[in-house]
Amino acid sequence: MNEIKIFCPATIANLNCGFDVLGLCLDGIGDEMIIRKTAEKGIRITKIIGADLPLETEKNVAGVAALAIVKAADPDIGFEIEIHKKIKAGSGIGSSSASAAGAVFGINELLGKPFTRHELVDFAMKGEALASGCEHADNVAPCVLGGFTLVRGYNPLDVIKIESPSEIYAVVLHPHIEVKTSDSRAVLSPTVLLKDAITQWGNVGGLIAGLYTKDYELIGRSLQDVIIEPLRKQLIPNFENVKNAALQNGALGSGISGAGPSIFALCKGQEAAEKVAYAMSNSYQDTGIAFDMHISKVNDEGVKIITN
Ligand code: HSE
């Protein structure tokens, strides 16, 4: 196999209570990448369609992630990467992670899979660090592994794929404004109050327990964020109205997707998700800001090879 085409899914990070540790993988929304073996060693980004991103390997998240896996594998060949961006940069649904995950997944496949998917998360995180200024794996982990994921620890990286109920649907409202992850991280406080930390880690535990036991009410009660959302919500026009519309129309929970500006809701079942999507989009009409809506099941597979 000399060439491979890959689907690199979008992701929702944080899931309210799990800043930098929780995430889930979306279906049907994602980039495509083509990766080719070359006789010449090294990594070259040959084409980027759909976004104005650097072609220089060291300045591109896919390039940096590719360099990390190639350094570890040390093959006698090189790779060319073509990126077809469908996820907008600064959208809050893991645009940079999709590129980083796609690069390491594709190269690993072309090398005959020397690394496990779990090992690929670490390489992909190196690319993600270029985009946000900090190594966080809550988008790359679900993109590479699929499903819901928890980063149990960063030093060393310890990622767990969480068993989850089949009826969870995610709704995402993506306003067409860009919020850079680095800017969205700059508004955060480096310290938290103990009472808020207690609320937050109680909710992380509750969410994980709810996912394993398929207890949708517990999942809903746990989708709360008392630390990050209060500081970030002012970056997202009409955030409170959209979140309230989702909750009043039956969403289990709602919050900022990753670093924003996308706003997500989790729902039980497709019908509930469609009702929530309708209410969320209605509540955004008056802002004058264009937006996209996505409804997606949780994608249990993650980044994958496509054949057409
Ligand atoms: N956990 C990260 C953040 C995700 O919220 O800053 C950004 O992609």
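Residues numbered from 1 in each chain as written. Predicted model: local features only at pLDDT ≥ 70, side-chain atom pairs only at ≥ 80, totals over all residues. Heavy atoms only, no water.

The protein chain appears in an unreviewed UniProt entry as Homoserine kinase from Flavobacterium buctense. Under the UniProt heading Subcellular location (unreviewed entry), the entry covering the protein chain gives this text: "Cytoplasm". Regarding the protein chain, the UniProt comment filed under Catalytic activity (unreviewed entry) reads as follows: "L-homoserine + ATP = O-phospho-L-homoserine + ADP + H(+)". (UniProt positions renumbered as here; feature names shortened; annotations may be inferred.)

Visitor: I tried to follow the pairing of strand β7 (residues 168-175) on my own but got confused; where do I start?
Guide: Remark: a regular strand shows side chains that alternate across the two faces of the sheet. In terms of residue burial, β7 counts as a mostly covered element, since 8 of its 8 residues are buried. Neither face of β7 is left uncovered, since the one carrying Ile 168, Ala 170, Val 172 and His 174 and the one carrying Tyr 169, Val 171, Leu 173 and Pro 175 both have all their residues buried. Examined bridge by bridge, β7 and strand β9 (residues 263-268) share 6 bridges and lie antiparallel to one another. Directly across from Tyr 169, in β9, lies its bridge partner Cys 267. Relative to strand β10 (residues 291-297), β7 runs antiparallel, the two sharing 7 bridges. Residue pairing for β10: Pro 175 is matched across the bridge by Phe 291. (Buried < 20%, exposed > 50% of the residue type's maximum accessible area, 1.4 Å probe, protein only. Helix = DSSP H or I, 4+ residues; strand = E, 2+ residues; numbered from the N terminus. Pairing = 2+ DSSP bridges.)

Visitor: Sorry, what's going on with a nonpolar patch on the surface here?
Guide: Together, Leu 194, Ile 198 and Trp 201 make up an exposed nonpolar region whose accessible area comes to about 370 Å². Its location among the elements puts Ile 198 in helix α6 (residues 194-213). (Patch = residues over 30% accessible without salt bridge, like charges linked within 9 Å, V, L, I, M, F, W, Y side chains within 5 Å. Areas by Shrake-Rupley, 256 points an atom, 1.4 Å probe, with all protein chains shown as cover. Salt bridge = Lys/Arg side-chain N within 4 Å of Asp/Glu carboxyl O.)

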